Amino acid sequence: MTKIIFEKTSEGRKGSAVPEKDINIAEISIDIDEEMKADKIPDLPELSELDVIRHYTELANKNICVNSHFYPLGSCTMKYNPCVNEEIASMRSFTDIHPYQVESSVSGNLEIMYLLKKYLCELTGMDDFTLQPAAGAHGEFTAMLMTKKWFELKKENRTKILIPDSAHGTNPASANMAGFEVVQIASNENGTVNLDDLEAKIDDKTACFMMTNPNTLGLFERDILKISEKIHSKGGLLYYDGANLNAILGLVRPGDAGFDFVHLNMHKTFSTPHGGGGPGAGPVGAKGKLAECLPLPKIIQKEDKTFSLMYDNPSSIGRVKAFYGNFLVLVKALAYILSMGKDEIANVAKLSVLNANYLLKKLEDIYEIPYGKSCMHEFVASADRQKNIGVTAIDICKRMLDYGFHAPTVYFPLIVHEALMIEPTETESIQTLDLYSEILHKIQEETEKNPDLLHEAPHNMPVKRLDDVTAARKPDLAYKK
Amino acid sequence: MYTPHTEQEIKQMLNTVGKDSLDDLFESVPKEIYNTHEMNLPKSYSENELKKFFRKLASENKVFESNFLGGGCYNHYIPSAVSAITSDSRFFTAYTPYQAEASQGTLQAIYEYQTYMSRLTGMDVSNASLYDGATAICEASIISIAETKRKKVMISEALHPEYAETLASYIGSENIIKVPFNENGLTDYEVLKSKLTNEIACVILQNPNFLGSIENPNKIAEAVKQNKSLLVIAINEPYSLGVIKNPRDCGADIAVGDAQSFGCSMGFGGPSLGFLTVKRNLMRKISGRLAGKTVDKDGNEGFVLTLQAREQHIRREKASSNICSNEALCALSATVHLSLIGKSGFMQTAENNLEKAHYMAKKISELDGFTLKFKSSFFNEFVISCSKETPEEIVERMASKNIGGGIPLGRFYPNMKDCLLIAVTEMNTKEDIDNFVKELSEGVKK
């Protein structure tokens, strides 16, 4: 293990230069409440700039990432993050702008927000968007607050949110945080929403049905129009979780399929980097009157064509974050939309679906694929067959690391045993997919002939298999001398 | 763009999957909604066109040469080495470290981040980050509500108004009890005490508060403790911890806030860095990711995401929070930033902020037409009242001189329409300050 940065300290060593003091303190009086004065100096390490650069470069060496490895982490859309977007978002005229500057000094930023909102409306068939939510789950929560507000305004007491059993854990967690009761809807034998179960559970207390389409099994909910009609006939709302928008971007608009509101993940579909776990951005769009419930402030174009932030709307849920959203992420998302443009945007969906189907075909001889012979942008394989001979999905994942591939999402969705959720994305080439398939076949051979190789995996990572149980039993969450 | 497929390869792949065309891949999509709308988007931009386009938009923004805006977002110096690390693709193009063995870099960096935030706040446990300061106080409230099984949250009117609004969205304004601040810009202890009931889950006190004043939470902490509520101390200028007591020493159960000051640019307000640290007894109720140290099967030390039984992907609707993606790269910025400036750089910066702000406050208060609004002690931010020009006029005029002139407070507090909130950091030289003061006096002469 690399030593912890705190262990590398050397008393009195100076790091990067910070701005010098230039005030003569004899000229001023500083009067801090005695009881509040700090009585000790924060215990920070003392290192040179090179010490720090070496340390974090050494840590970087221990990561695998999209730029170095195929990263088919299902549901996360680990596509290539274009370099030009990074360069644009790091321009000083974007990074060094304060959120409370006078509006006349931030016209460029306001126009970026307005354009992004306009294009997201166009791509999803929504009427308005907020760019405020900082992540997908934050967008979901925003949508749940809007649902609550919507029915308060209509003076209807609706308490339940319907969620398929294949949904991401963030869906029920977001609904619960907003004070709703979660009602789980079963999947049918094809892996899509069980309409009978939906029929049985929908009632006049149903506020909203949260759907991911294609769902987490990588299947398009082909009954979507029927579902939409059913929900709306009971006065409920239909919500689109944009986690899998990549499969239909530029081809199908959630709004045209009957969805009333959506959240999108800029860090999935719109190519902004995942950052090791954020920052992302989770804009939320809505149709018609429901759009009035979106958070404030709202970006608008005034009659004189200039842009402004509007803070007043009694139907709004209020705000869900300070300031306006993860602006620098939004810049990258707009850059991505413009580089794709109307000519190429649909290729995202078409080629991501082609890649996933191609890989599915290549792998169906080794893994059971419980739901169907084809898929959208991702598919879920099961390692049930392998489990029968003593090798689990996690063993297979760890072995993939040895061969230079990031693992798929594992043990999700919960309705598939030993799930391996594979999402190649459109930015991968046939050569990469072929190589991946070849390696998985090799791992299958190892599974049959030498399962211990998998039980012991990984072998060539910086550490061997780590012990999660000890970590949770005796939590060590910060370095102590 | 960014797709490698040649026509030939597409044919070959379609052949493998047994389809005649790309459209055939979408047979499960009802015809009524498939490719029925022509997207009204611009044509695809080349890289060069894209850069030109954004350069033009960038030119419509103004980067102030000297900036005196704060209010939860601060203009601090960021060593070049910070972005040298955070722009390493092995950090920024990875995701949440689900495969621990292939993510030891990210995991160790989170562990170090947790250590930094625990040490600075004096608390035992830090999570791996939250979206921002506003959502951090919401998460702290949710933890407090779960821990005390009480419903209401008490906040000071001197809490960042946008944090207060965010909290109202999260828990409902009917569950928020507000305490006013007094003529010194400090939370009114007597009112606070009188409103403490057994319905209050926690009291949130920002320090320094939104008005820049340094609160003394000692008495408040005692009253809160007696009431069996939790004390949450919120900090959105964490350099203040070089000068004032940390939340632990002030009796806090939870410390939260925004650490954008550490290595994250202002970025028009986002992304920034929400933090949350707690005392050990609240460890299993904390929201967000946690990195923990463990051993591998050979007994060597390494890191994993841990205590995941709290989280949404395991507990679903029973999770302590819905958070999944956080602000990991911003937490890395903070970690690298603190490592680079170290103990002495941190203290020099903290003192520098303190001294410059006091110099500026003194200079302004010597001007005719301006007074310091509050007599309380402050760190790097303070309020002035302006009798001859409105704060809005001042900031417009300053903007035309390439100066970020502060934040008019009337938009947040209707009875403070004459007030301007000014922040001073190590980025403002004495010359910048003198210039600002000169400009201020020019306006008065007119």
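Residues numbered from 1 in each chain as written. Chains lettered and ligands numbered in written order. Predicted model: local features only at pLDDT ≥ 70, side-chain atom pairs only at ≥ 80, totals over all residues. Heavy atoms only, no water.

### Examining helix α6 (residues 133-148) of chain B
Residues and elements named next belong to chain B.
Then, in step 1: Taking 1.5 Å per residue, 16 residues should reach 22 Å; α6 reaches 22 Å between its end C-alpha atoms and fits that length.
Then, in step 2: Burial analysis of α6 places 12 of its 16 residues in the buried class, the great majority of the element.
Then, in step 3: For α6, the full list of buried residues reads Gly 133, Ala 134, Thr 135, Ala 136, Ile 137, Cys 138, Glu 139, Ala 140, Ser 141, Ile 143, Ser 144 and Thr 148.
Then, in step 4: By the N-cap criterion, in which a side-chain oxygen at the helix start approaches the backbone nitrogen of a residue two or three places on, α6 is capped by Asp 132, the distance to Ala 134 being 3.2 Å.
Then, in step 5: A positive phi of about 55° marks Lys 149, the residue just after α6. (Helix = DSSP H or I, 4+ residues; strand = E, 2+ residues; numbered from the N terminus. Expected span 1.5 Å × (residues − 1). Buried < 20%, exposed > 50% of the residue type's maximum accessible area, 1.4 Å probe, protein only. Polar contact = N/O pair within 3.5 Å; in protein donor to acceptor, adjacent residues only side chain to side chain.)

### Here's the deal with the sheet that holds strand β10 (residues 379-382) of chain A
Residues and elements named next belong to chain A.
Then, in step 1: Strands sit in the order β10-β12-β11 across an open sheet of 3 strands; the sheet is antiparallel. Since the sheet does not close on itself, it has two edges, and those belong to β10 and β11 (409-410), each with one partner.
Then, in step 2: Inspection of the sheet shows β11 paired to strand β12 (residues 419-422) by 2 bridges, in the antiparallel sense. Looking at β12, one finds that Val 410 is bridged to Leu 420.
Then, in step 3: Against the sheet, helix α9 (residues 327-363) touches β10 and β12, its axis set at about 15° to β10. (Pairing = 2+ DSSP bridges. Contact = heavy atoms within 4.5 Å. Axes fitted to C-alpha atoms, helices over the stretch in contact; angles between N-to-C directions.)

### A few points about the packing of aromatic side chains
Residues and elements named next belong to chain B.
Then, in step 1: Scanning the entire structure with this criterion turns up 31 aromatic pairs over all chains.
Then, in step 2: On the basis of an interplanar angle of 85° and a centroid distance of 5.4 Å, the ring pair of Tyr 45 and Phe 53 is categorised as edge-to-face.
Then, in step 3: Classification of Tyr 45 by relative accessible area gives buried; the value is 17%.
Then, in step 4: The interplanar angle of 90° and the centroid separation of 5.6 Å between the aromatic rings of Phe 181 and Tyr 413 together place this pair among those described as edge-to-face. Of this pair, Phe 181 sits in the loop between β4 (176-179) and α8 (189-195) while Tyr 413 sits in the loop between β14 (407-408) and β15 (419-423), placing them 232 residues apart in sequence.
Then, in step 5: A relative accessible area of 7% means that Tyr 413 is categorised as buried. (Phe/Tyr/Trp six-rings, centres within 6.5 Å; stacked < 30°, edge-to-face > 60°.)

### Focus on the environment of Lys343(B)
Then, in step 1: Along the chain, Lys343(B) falls in helix α11 (residues 328-365).
Then, in step 2: By relative accessible area, Lys343(B) is classed as partly exposed at 26%.
Then, in step 3: Placed 101 residues apart in sequence, Lys343(B) and Gly242(B) show a C-alpha to C-alpha distance of 9.5 Å.
Then, in step 4: Those residues in contact with Lys343(B) that lie beyond four places of it in its chain are Ile41(A), Pro42(A), Asp43(A), Leu44(A), Pro45(A) and Glu46(A).

### Focus: the pairing of strand β10 (residues 301-305) of chain B
All names here are of chain B.
Then, in step 1: Here β10 lies mainly inside the structure; 4 of its 5 residues are buried.
Then, in step 2: Both strand β9 (residues 291-295) and β10 contribute to a ladder of 5 bridges, which runs antiparallel. Its bridge partner lying in β10, Lys 293 is registered against Phe 303.
Then, in step 3: Linking β9 back to β10 in an antiparallel pair, the connection comprises 5 residues, with Gly 299 at a positive phi of about 85°.

### Digging into the pairing of strand β5 (residues 200-206) of chain B
Within a regular strand, the side chains alternate between the two sheet faces.
Residue and element names in this part refer to chain B.
Then, in step 1: Burial of β5 is extensive: 7 of the 7 residues sit out of reach of the surface.
Then, in step 2: Examined bridge by bridge, strand β3 (residues 152-156) and β5 share 4 bridges and lie parallel to one another. Pairing of Lys 152 across the sheet is with Ile 200, part of β5.
Then, in step 3: Pairing of β5 with strand β6 (residues 230-235) involves 5 bridges; the strand directions are parallel. Paired with Gln 206 across the strands is Ala 234, a residue of β6.

### Let's talk about the domain arrangement of chain A
Accessible area lost when the parts come together is the quantity often used to give the size of an interface.
Residue and element names in this part refer to chain A.
Then, in step 1: Parsing chain A into structural domains produces domain 1 (5-60), domain 2 (85-339) and domain 3 (347-468).
Then, in step 2: One C-alpha centre belongs to domain 2, the other to domain 3, and the line joining them spans 31 Å.
Then, in step 3: Buried area between domain 2 and domain 3, summed over both chains or domains, comes out near 1500 Å², and the portion from carbon and sulfur atoms is 66%.
Then, in step 4: Remark: the boundary between domain 2 and domain 3 carries 0 salt bridges.
Then, in step 5: Among the residues making up the side of domain 2 that touches domain 3, the classes are represented as 10 nonpolar, 11 polar and 2 charged. (Domains from an automatic or database assignment. Buried area = accessible area lost by both parts, 1.4 Å probe. Salt bridge = Lys/Arg side-chain N within 4 Å of Asp/Glu carboxyl O. Nonpolar A, V, L, I, M, F, W, Y, C, P; charged D, E, K, R; others polar.)

### Notes on the sheet that holds strand β11 (residues 370-372) of chain B
Two strands in a sheet stick together by hydrogen bonds in their backbones, pointing the same way (parallel) or opposite ways (antiparallel).
Residue and element names in this part refer to chain B.
Then, in step 1: Spatial strand order, β11-β12-β15-β14: 4 strands in an open sheet with antiparallel pairing. Either end of the sheet is taken by a strand with one partner, and the two such strands are β11 and β14.
Then, in step 2: Sitting on the sheet, α11 touches β11, β12 (381-386) and β15, and the angle it makes with β12 is about 10°.
Then, in step 3: On top of the sheet, helix α12 (residues 391-400) reaches β11, β12, β14 and β15; it is set at about 45° to β15, its chief contact.

### Things to note about the pattern of salt bridges
Residue and element names in this part refer to chain B.
Then, in step 1: Scanning all chains against the criterion turns up 55 salt bridges over all chains.
Then, in step 2: The partner of Arg 310 in a salt bridge is Glu 311, with the nearest N and O atoms 3.4 Å apart.
Then, in step 3: In this structure Arg 310 comes out as buried when scored by relative accessible area, which is 6%.
Then, in step 4: Residue class for Glu 311 comes out buried when judged on its relative accessible area of 4%.

### Section: the packing of helix α12 (residues 430-449) of chain A against helix α1 (residues 7-17) of chain B
Then, in step 1: Where α12(A) meets α1(B), the closest approach of the two axes is 11 Å, and the angle between their N-to-C directions is 40°. In this structure, α12(A) contributes Ile430(A), Gln431(A) and Leu433(A) to the contact, and α1(B) contributes Glu9(B), Gln12(B) and Met13(B).
Then, in step 2: Classifying every residue of the contact of α12(A) with α1(B) gives 3 nonpolar, 2 polar and 1 charged.

### Describing the domain arrangement of chain B
Residues and elements named next belong to chain B.
Then, in step 1: Here chain B is partitioned into domain 1 (66-75 + 343-445) and domain 2 (80-337).
Then, in step 2: Computed over C-alpha atoms, the centres of domain 1 and domain 2 are 28 Å apart.
Then, in step 3: On the domain 2 side, the residues contacting the 28 residues of domain 1 number 31 residues.
Then, in step 4: For the domain 1 and domain 2 pair, buried surface summed over both sides reaches about 2300 Å², with 67% attributable to carbon and sulfur atoms.
Then, in step 5: In this assembly, domain 1 and domain 2 are joined by 0 salt bridges.
Then, in step 6: Counting across the interface, domain 1 meets domain 2 through 7 residue pairs in polar contact (both at pLDDT 80 or more).
Then, in step 7: Secondary-structure elements contributing two or more residues to the side of domain 1 that touches domain 2 are α11 and β12.
Then, in step 8: Take the side of domain 1 that touches domain 2: its biggest share by element is 5 residues, from α11.
Then, in step 9: Tallied by class, the residues present in the side of domain 1 that touches domain 2 amount to 16 nonpolar, 8 polar and 4 charged.

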